[in-house]
Amino acid sequence: MKIGFIGLGTMGAPMAKHLRAAGHDLVVWNRTKAKTAPLVAEGAEAVETPLALAQICDVIILCVNRSEDVQDLVAKMMPVAKPGALFIDHSTIHPRVATEIHDELAKAGFGFVDAPITGGSMGANNGTLTIFCGGNEAEVARAKPILDAYAKRVERVGGPGMGQMMKMANQIAVGGALVALCESLAFAQKAGLDLEQAHELLKGGAAGSWAFDNYGPKILQQDWTPGFSIKNQRKDFGYCKEAAEDIGMDVPATNLVDQLLERLDNLGRGEQTTAALFDAYISGEELN
């Protein structure tokens, strides 16, 4: 069985590396061809186009950016893909689009699992991601042994599109934890507390969170490299707000965090980590 992997960015590259390390027969494609070189050095096969990948792979994994990217790739690959191929999408896209893609692929005899991920670049590098799977039981069962190569937990959360719905719930929680972390530590610093001590004490008590554990050290080191970028977090918030509107729900906290990140984005800081929000709290200017 050949596994194809498309999208070798901050998340996709280490995920594909785990697949190869697990012994899978791996075929890769990336828009920037140079990013395939490390995987080729480890025994993966690089192809020139997504169509070439689709023609020879039994499973096709996508880890790209937006709904439109996934739609475009699937539309191009469907006419040439191997009969019965399984598509697995790790991108964060609109739940409604994921359902539409599933239906189109099913009509053509293909499988589809929407399988967005959480755990950040740290989880991708360490092979400890959590993956929310939407799709029918048989297709998720077919995908799971593959996904286990880079995940600590792979779970079906419902039918088509529900993996993305769970990712929306995840991103809403992530936004709240982010603003709590940055506001809390900025308050501690401005109050004259020792920042390292504050971080250590708070993360060990009721204030503790994944954000404190993983983004707290970036704040202490003043390291604004992603991680997960402001630009991508805002992209996900856009889908969160659209999905919330679809189900008739207000998400005021998500709107607030998005507005705060938008101010940094407008200052040209969109490629920095979301934890750079701490820096904005300290300077104050970006939040006015």
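In the block above lies the structure referred to throughout.
Going along each chain's sequence as written, the residues are numbered from 1 onward. Per-residue local features are limited, in this predicted model, to residues with pLDDT of at least 70; the limit for side-chain atom pairs, both in listing and counting, is 80 or more; totals at the level of whole chains, interfaces and linings are taken over all residues. Side-chain measures here rest on the full set of heavy atoms in the structure, leaving out hydrogens and waters.

Caption draft 1: Representation of the overall build of the protein. On a plain count of helices and strands, the protein comes out with 14 helices and nine strands. Restricting the calculation to C-alpha atoms gives the radius of gyration, and the globule rule supplies 2.2 Å times the number of residues raised to the power 0.38. The C-alpha atoms of the protein give 20 Å as radius of gyration, which agrees with the globular expectation for 288 residues (19 Å, within 12%). With respect to the three principal axes, the spread of C-alpha positions in the protein is 65 × 45 × 35 Å. For each residue, the accessible area found with a 1.4 Å probe, counting protein chains only, is set against the maximum for its type, and the residue is called buried under 20%, exposed over 50%, and partly exposed in between. Among the 288 residues that make up the protein, the fraction classed as buried is 49%. The Shrake-Rupley method, run with a 1.4 Å probe, gives the accessible areas here. Residue values count only the displayed protein chains as cover. A total accessible area of about 12,800 Å² is found for the protein, and carbon and sulfur atoms account for 52% of it. Neither His nor the chain ends contribute to the count of charged residues, in which Lys and Arg are positive and Asp and Glu negative. By convention, the point assigned to a charge is CZ for Arg, NZ for Lys, CD for Glu and CG for Asp. Both charge centroids of the protein, one from 26 positive and one from 35 negative side chains, sit 4 Å from each other. Secondary structure elements follow DSSP: runs of H or I of four or more residues count as helices, runs of E of two or more count as strands, with numbering from the N terminus.

Caption draft 2: Representation of the pairing of strand 4 (residues 59-62). A two-sided burial pattern is seen for strand 4, the buried positions comprising Val59 and Ile61 on one face and Ile60 and Leu62 on the other. Taken together, the four bridges between strand 1 (residues 2-6) and strand 4 define a ladder with parallel strand orientation. Looking at strand 4, one finds that phenylalanine 5 is bridged to isoleucine 61. Any two strands are treated as partners once DSSP identifies two or more bridges connecting them. In this sheet, strand 5 (residues 86-89) lies alongside strand 4 in parallel orientation, the contact comprising four bridges. Its bridge partner being in strand 5, leucine 62 is matched across the sheet by aspartate 89. Taken together, strand 4, helix 4 (residues 67-77) and strand 5 constitute a β-α-β crossover, and its handedness is right-handed. Consider the strands pointing away from the viewer: the crossover is right-handed when the path from the first strand over the helix to the second runs clockwise.

Caption draft 3: Geometry of unusual backbone geometry. Following proline 226, the chain continues to glycine 227 via a peptide bond in cis, the omega torsion being 15 degrees. In this structure, glycine 227 sits in the loop between helix 11 (216-220) and helix 12 (230-246). Notably, glutamine 222 is not glycine yet its phi reads approximately 55 degrees, a positive angle. Of note, glutamine 222 is situated in the loop between helix 11 and helix 12.

Caption draft 4: Representation of the state of the cysteines. The disulfide definition used here is simple: a pair of cysteine sulfur atoms within 2.5 Å. Going through the model one piece at a time under the given rule, you end up with zero disulfides. Cysteine cysteine 182 remains unbridged, with the sulfur of cysteine 240 as its closest cysteine sulfur at 18 Å. The class for cysteine 182 is buried, based on a relative accessible area of 0%. With no disulfide of its own, cysteine 240 lies closest to cysteine 63 among cysteine sulfurs, the gap being 17 Å.

Caption draft 5: Region of the structure containing the side chain of glutamine 233. Note on placement: glutamine 233 falls in helix 12. Note on definitions: a residue-residue contact is assigned when non-hydrogen atoms from the two residues lie within 4.5 Å. The contact partners of glutamine 233, leaving out residues within four places of it in the chain, are Gln171, Val174, Phe228, Leu261 and Thr274.

Caption draft 6: Region of interest: the side chain of lysine 218. By secondary structure assignment, the location of lysine 218 is in helix 11. Judged by relative accessible area, lysine 218 falls into the buried class, the value being 11%. Of note is the side chain of lysine 218, whose polar atom sits 2.7 Å from the backbone oxygen of threonine 225. Not counting the four nearest positions on each side in its chain, lysine 218 is found in contact with Asp223, Trp224, Thr225 and Thr273. Identification of polar contacts relies on pairs of N or O atoms within 3.5 Å, with a donor-acceptor requirement for protein atoms, meaning one able to donate a hydrogen and the other able to accept it, and with residues adjacent in sequence counted only if both atoms are side-chain atoms.

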